[in-house]
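Residue strings, one per chain:
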Amino acid sequence: MSAPPREVRDQFRIQIHGLEAMIQALRRQGFQVMGPTVGDGAIVYDELTSMADLPVGWTDDQEGGIYRLKKRADRAVFGFTLGPHSWKRYLHPAVLRLWKAARDGVGFIASEESGEIQKLAFLGVRACEIHAIAIQDKVLTEGTFRDPAYHTRREQLFIVAVNCTQSGGTCFCKSMGTGPQVSFGFDLALTEVQTGKDHYLIAQVGTDRGAALLDEIPHEKATEEEVKEAAGCVESVSSQMGRHLDTRDLKELLYRSYEHPRWDEVAERCLNCANCTMVCPTCFCTTVEDLTDLTGTQAERWRKWDSCFTTDFSYIHGGSVRASRKSRYRQWLTHKLATWIDQFGSSGCVGCGRCITWCPVAIDLTEEVLAIRQGGSADSLALSTKEEQS
Amino acid sequence: MIDTLQPILAAHPFLSDLSPQHLDLVVGCASNVRFEAGKYLFREEEEANQFYIIREGKVAVEIRTPNRGSITVQTVDAGEILGWSWLLPPYQWHFDARASVPTRAIALDGKCLRAKCENDHDLGYELLKRFAQIMEQRLEATRLQLLDVYGNPS
Amino acid sequence: MATLLERHETMSVDRPDPMVPSPFRVQRVRQETHDTFTLELEPALGEDGFSFQAGQFNMLYVFGVGEVPISISGDPSKDRTLVHTTRAVGAVTKAMRRLKRGDILGVRGPFGSHWPVELAAGSDVVIVAGGIGLAPLRPAMYQLLSQRERYGKVVLLYGARTPEEILFPRELERWRAHFDLEVHVTVDRAMGSWRGNVGVVTTLIHKAPFEARNTAAMVCGPEIMMRFTVMELQKRGVKSGNIHVSMERNMKCAIGFCGHCQLGPVFVCKDGPVFCYDRIKDLLTKWEI
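Just so it is clear, the structure is predicted and the values come from calculations on it, not from any experiment.

Definitions and limits used
Residues numbered from 1 in each chain as written. Chains lettered and ligands numbered in written order. Predicted model: local features only at pLDDT ≥ 70, side-chain atom pairs only at ≥ 80, totals over all residues. Heavy atoms only, no water. Helix = DSSP H or I, 4+ residues; strand = E, 2+ residues; numbered from the N terminus. Buried < 20%, exposed > 50% of the residue type's maximum accessible area, 1.4 Å probe, protein only. Contact = heavy atoms within 4.5 Å. Areas by Shrake-Rupley, 256 points an atom, 1.4 Å probe, with all protein chains shown as cover. Lys, Arg positive; Asp, Glu negative; His and termini not counted. Charge placed at Lys NZ, Arg CZ, Asp CG, Glu CD. Core = buried A, V, L, I, M, F, W, Y, C linked by side-chain atoms within 4.5 Å. Salt bridge = Lys/Arg side-chain N within 4 Å of Asp/Glu carboxyl O. Polar contact = N/O pair within 3.5 Å; in protein donor to acceptor, adjacent residues only side chain to side chain. Nonpolar A, V, L, I, M, F, W, Y, C, P; charged D, E, K, R; others polar. Arc of directions from axis to C-beta. Pairing = 2+ DSSP bridges. Axes fitted to C-alpha atoms, helices over the stretch in contact; angles between N-to-C directions. Parallel < 35°, antiparallel > 145°, perpendicular 65-115°, else oblique. Left-handed = near helix turned anticlockwise from the far one by under 90°. Expected span 1.5 Å × (residues − 1). pLDDT = per-residue confidence, 0-100. Disulfide = S-S within 2.5 Å. Patch = residues over 30% accessible without salt bridge, like charges linked within 9 Å, V, L, I, M, F, W, Y side chains within 5 Å.

1. What about the overall build of chain C?
Counting its regular elements, chain C contains five helices and 16 strands. Principal-axis analysis of the C-alpha atoms places the extent of chain C at approximately 60 × 45 × 40 Å. Looking at chain C as a whole, 62% of its 289 residues are labelled buried. By sequence separation, contacts in chain C at least 24 residues apart represent 68% of the contacts at least 6 residues apart. Surface summary for chain C: the accessible area is close to 11,200 Å², and the carbon and sulfur share equals 49%. Of the charged side chains in chain C, 36 are positive and 32 negative; the average position of the first set lies 5 Å away from that of the second.

Put into C-alpha cells, the structure is as follows:
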C-alpha cells in the first residue's frame, strides 16, 4: 500500500479542467493512466490519454440484471458509479504468463518473467474499490506467500480516488462500511462539485506523491464553504443506497445454513455463467495452463482468471466435489460473506453491487441473505425496489 | 469336556452378559473343535447347523468362482464369531469357510440351540440381539469393501 | 550450466518466485504395483539438499505436459534424494512414469502442513493407511523409527485392494520384523494363496494394541476410508483432537492463491494437507462443500 494518509490537512480546489493537467503530469512521470471511459455500451476502464477520454456528461442506470448508459443533463465528469470492470484487471491481470521454459538436452531451463512492468495510475477509484484493492492486497501479498506480479503492480500504483456524489441502483457500500466516503489508500482524493456555473474538484492529499502531483496542477486552497459543500454531496449518497445488506452475525448465519432450502431455490435461477465472479472486484481465483509449442521444445505457464462456478473447479479423482449448481452458488456466496472472514479477517464483499447488476437473471445477494435469515422463500419477502423480471 | 468350556464361554465378550441359566443352556450345545490349515469348516449349500467362536488361528470366508478359483472376502480371527446361517431358514451356508492356518474353535450346535430357543424365547432374543450386532458390523464392513475405495477412480 | 533461475527478493519469505519450478534429475524410476510407481530425484542445481517435513507435498512438473501435487514419500533425514510415489492415472502422472534416469522434472515446494510426529512424543502412535495413502505416511514412519524411544506402542494398520496392490511390501515386512512395532495388513479381497487378513482396514482397529486415551492417530487414504477409520478410532476412545488426517483437493498453485483447494474456510494447500480431525470434522460430514 502507498504510505498512510497524513492527518487531515487543508483541502484544495482544482478547476475541472485541471484534470487535463493531472493526466498529462502523470503521463510525464511515466505512468500509464487508466480510468473510466465510454466503450462497449458501458463505462469501462481503459487508458486515458487526455481528459477527452473521460465519460463527461454520462451516467449509468443500474438495477438487478440491468445496466443502461444514459446522457446526463449536465457535464459531470464522474457522474456515474461503477461499470463491469474493476481495477483487478490491471493489478491481477486476467491472463498472465508466469514463466517460459526451453528444452536443454534432456532437461529444461525455466526463467522467471523479468523486464519492466509499466507503472499505472488509476484515476477515479471509488471508496468501495479502495476497499476491494485492500482486500486483494491482503489475499495476494500478506500471507505466507506474496504474488510477485500483483506486488510489483501494486507497489508502483498511483491512486487518484473519487468520492461518489450519487449512489448506484445496486450499491450497498453503506451496509458494508466501505463508503461512500474515501478515507484511506489514496495519493489524491477528489470530490466533484457543480454549483450553478461553477464546476470544480475539491482535492485531498493522501501521500507525498499526491502532494507532488498536486503541485503540477493549478490549484488553490479551498474555502470552508467549498469543503462543506463537497462533503455534503458525499454524505447525501449514504441515504440513496440502492440495496441494504444486514451483516449482523452474517458469518454465523451462513455457517449454520448449509442445508437451507434457499440454496435449491437460487440454483433454479443461477446459470453458473460466472459473470458475478468476473465483475466482482475481490474475486481472485485463477487457474494455470501449461502450454508447449508444436516442436515441444518451448513451454510456457500461463495464469488465467477462473471461477468457482465452473464444474471443473473442484475436480478431483474422477469427479467434482461441487457437482451441483446449488453447491457452487452456495460456495461462492458463503466464501464471499463468511469463510472469507475466517481466512482474511474481513468480509470479501465491498457492496459495489456489480454482481447484482451483471447477473443475467438478476440474482441479488442481499435478497438471498435476507431469505436465509428469514428462513423462508422468495414469496415471503417484501420486495425491494426492483422491477420484476419477466 | 463340557465342564471345561463353561468358564471359556462365560469369559467371552459375546456371551459374558448372559444370565447364568442362559449361559448353561448355551454351554450344553458347545464342543471343542480343531481344523488343520486348509481344511473347510463348512461349504456353500451345506446345512448350517453350527456357529463358531474362534479361539486360535484364522478362517477365510470364500466364494467360489467358475474361472478364478476361490476369492476370500473376509477373514475371521481369534476371538471373533463365524456363522449366523444356523439362525434363519433355510439354515444353509452361503459361503465356504476354510482354515488358513491351524485353527481351534468352539462349535455351538445350531439344531440344539434352535430347539432351546424355541422353548425359551428370552434366550432366543438374547442370541438374536448379539447376532444382529455382528451382522450389522459385517454389513458395514462389506459395504466399504464394495466401494472399492482404492480402485482407479476413472 | 547457465543460470537457471533469476532470483528476485520479491517474496516475503526470501524465496524465488514460488510458481517457477526448480529442476530435479531423475535418479531412478521404480514400478511398485501395476499402476503405482516411485521416482527418486536429486536437485539438478547442485544445492545442498531438499528438506521437508513428513506429510508435505511438492508440485511436480513434466515439461510441456503439466503439473500435479504429489506427497513426498521418502525419508526426511535423507536430503539428497527426494522421493515421490504416485499412481499413473492422468496425463501428467502417465508422462512421469515414462521418465528415465537423467531426465529433468520440475519441482515446486515443499508445501503444506505436516504430520505431528514431534507432538506425538510420549504417546502411543497408530498409523492407519489405505492404498496409496501409505506413501504420505511413510516419511512419518521413518521419523518415528529414528527416535523410537520417544514413543510408546507404535502400530501400523494398512489396507490395500488386493495382495498384489500392497505398497512397499518389503518395507512392511522389515517393519513387521521389529520387536517394538506392530504391523497389520489387510486386503479388500484375495485369491487362494493369501494367508493374511481379508476385510476393510477399519476392522483391524478394534483389536489393535494401543492405549486409546494416550494415542496419536495419523490416517491417510481415500476420504471414505478416513471417515470410517476415524469413526472406529473414536469408538475405541481416541479423541478427535488426537487424530490427524491428510486431505486432498484440486490444486493449481499450492500457495493459497488460485482458490481451487478450499474446503470451507481452509485451504488444503496451506492449512493442510494434514489436518487435526477436530478442525475439519464438521466439513467432512457436509455434502459438496
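2. Here we look at the nonpolar core
In terms of nonpolar packing, the biggest core is built from 89 residues, with Phe122 of chain A together with Leu157, Leu233, Ile243, Val245 and Met247 of chain C touching the most fellow members. The residues contacting Phe122 of chain A, other than those within four sequence positions of it, are Met34, Trp87, Tyr90, Leu91, Leu157, Phe158, Ile159 and Val160 of chain A.

3. Describing the interface of chain C and chain A
Facing 51 residues of chain C, the contacting portion of chain A comprises 55 residues. Counting every contact that joins chain C to chain A gives one salt bridge. Residues Glu67 of chain C and Arg301 of chain A are paired through a salt bridge, measuring 2.9 Å at the closest nitrogen-oxygen approach. The tally of links from chain C across to chain A stands at 18 residue pairs in polar contact (both at pLDDT 80 or more). When residues of the side of chain C that touches chain A are traced back to their parent elements, those giving at least two are strand E4 (66-71), strand E6 (104-111) and strand E15 (266-267) of chain C. Ranked by residue count, the leading element in the side of chain C that touches chain A is E6 of chain C, at five residues. Of the residues in the side of chain C that touches chain A, the class split is 24 nonpolar, 14 polar and 13 charged.

4. Let's talk about helix H1 (residues 18-28) of chain A
All names here are of chain A. Looking at H1, one finds that the buried residues are Gly18, Leu19, Met22, Ile23, Ala25 and Leu26. One face of H1 carries all of its buried residues, which in axial projection span an arc of 165 degrees. Gly30 sits one or two residues past H1 and shows a positive phi near 95 degrees.

5. Some details on the sheet that holds strand E7 (residues 107-112) of chain A
Residues and elements named next belong to chain A. On the basis of which strands lie adjacent, the open sheet formed by four strands has the order E7-E6-E14-E13 and antiparallel pairing. The open sheet has two edge strands, E7 and strand E13 (286-292), and neither has a second partner. Looking at each pair of strands side by side, their axes are set apart by 20 degrees on average, direction ignored. Sheet topology places E13 next to strand E14 (residues 298-305); seven bridges connect them, and they run antiparallel. Its bridge partner being in E14, Asp290 is matched across the sheet by Arg301.

6. Observations concerning the packing of helix H4 (residues 121-147) of chain B against helix H4 (residues 223-236) of chain C
The contact between H4 of chain B and H4 of chain C brings their axes to 11 Å, and the two run at 160 degrees. One finds that H4 of chain B runs roughly antiparallel with respect to H4 of chain C. Considering only the axes of H4 of chain B and H4 of chain C, their crossing is left-handed. Note on element contacts: H4 of chain C touches H4 of chain B through Ile224, Phe228 and Glu232 of chain C, opposite Glu140, Leu144 and Leu147 of chain B. Across the contact of H4 of chain B with H4 of chain C, the residue classes break down as four nonpolar, no polar and two charged.

7. Side note on the packing of helix H9 (residues 262-269) of chain A against helix H13 (residues 365-374) of chain A
Residues and elements named next belong to chain A. Running from amino to carboxyl end, H9 crosses H13 at an angle of 150 degrees, the nearest separation of the two axes being 10 Å. In terms of their interaxial angle, H9 and H13 are classed as roughly antiparallel. The interaxial crossing formed by H9 with H13 has right-handed handedness. The segment H9 lies against H13, with Arg262, Trp263, Val266 and Arg269 engaging Glu367, Glu368, Ala371 and Ile372.

8. With respect to helix H2 (residues 134-146) of chain C
Compared with an ideal rise of 1.5 Å per residue, which puts 13 residues at 18 Å, H2 of chain C spans 18 Å between its outermost C-alpha atoms and is within 8% of the ideal. Taken together, the buried positions of H2 of chain C are occupied by Leu134, Ala135, Pro136, Leu137, Arg138, Pro139, Ala140, Met141, Tyr142, Gln143 and Leu144 of chain C.

9. Some thoughts on the sheet that holds strand E3 (residues 42-47) of chain A
The strand order across the open sheet formed by eight strands is E3-E2-E8-E9-E10-E11-E1-E12 (chain A), and the pairing between neighbours is mixed. Two strands in the sheet have a free side with no partner beyond their single neighbour: E3 and strand E12 (220-221) of chain A.

10. What about the confidence of the model for chain C?
Residues and elements named next belong to chain C. When pLDDT is averaged along chain C, the result is 92, and 94% of the positions lie at 70 or above. Counting interchain partners and residues more than four positions distant, the pLDDT-below-50 stretch residues 1-14 has 35 contacts. Interface scoring of the predicted complex returns ipTM 0.91; its pTM is 0.90.

11. What about the environment of Ala44 of chain C?
Residues and elements named next belong to chain C. Within the secondary structure, Ala44 sits in the loop between strand E2 (36-43) and strand E3 (57-62). Residue classification places Ala44 among the buried positions, given a relative accessible area of 11%. On a C-alpha basis, the gap between Ala44 and Leu137 in space is 26 Å, while along the polypeptide they are 93 residues apart. Look past the residues within four positions of Ala44 in its chain and what remains in contact with it is Pro23, Phe24, Arg25 and Ile104.

12. Observations concerning the state of the cysteines
All names here are of chain A. What the rule picks out here adds up to one disulfide over all chains. Unpaired in terms of disulfides, Cys276 finds its nearest cysteine sulfur in Cys273, a separation of 6.3 Å. Cys276 gets classed as buried once you look at its relative accessible area, which sits at 13%. Free cysteine: Cys359, not disulfide-bonded; nearest cysteine sulfur from Cys273 at 6.1 Å. Residue class for Cys359 comes out buried when judged on its relative accessible area of 11%.

13. What to know about the side chain of Thr186 of chain C
As for its position among the elements, Thr186 of chain C is in strand E9 (residues 182-187). Those residues in contact with Thr186 of chain C, other than ones at most four positions away along the chain, are Tyr158, Gly159, Ala160, Asn197, Val198, Gly199, Val200, Val201 and Leu204 of chain C.

14. Thoughts on a positive patch on the surface
Taken together, the side chains of Lys94, Arg97, Arg98 and Lys100 of chain C define a basic patch exposed on the protein surface. On the basis of relative accessibility, which here comes to 31%, the residue Arg97 of chain C falls in the partly exposed class.

15. Some points on the confidence of the model for chain A
Residues and elements named next belong to chain A. When pLDDT is averaged along chain A, the result is 92; 94% of the residues meet or exceed 70. Of the regions scoring below 50 in pLDDT, residues 1-7 engages in 18 contacts with residues more than four places distant in sequence or in other chains. A low-confidence stretch, residues 376-390 (pLDDT under 50), is modelled with 21 contacts involving residues beyond four sequence positions or located in other chains.

16. A closer look at unusual backbone geometry
A negative phi angle is the norm for most residues apart from glycine, just as the trans form is the norm for most peptide bonds. Backbone torsion omega between Gly179 of chain A and Pro180 of chain A reads 0 degrees, so that peptide bond is classified as cis. Position of Pro180 of chain A relative to the elements: it lies in the loop between helix H5 (173-176) and strand E10 (188-195). The amide bond that connects Gly272 of chain C to the next residue, Pro273 of chain C, takes the cis arrangement and shows omega of 5 degrees. Positionally, Pro273 of chain C belongs in the loop between E15 and strand E16 (274-276). Positive phi, normally seen in glycine, also occurs at Ala254 of chain C, with a value near 70 degrees.

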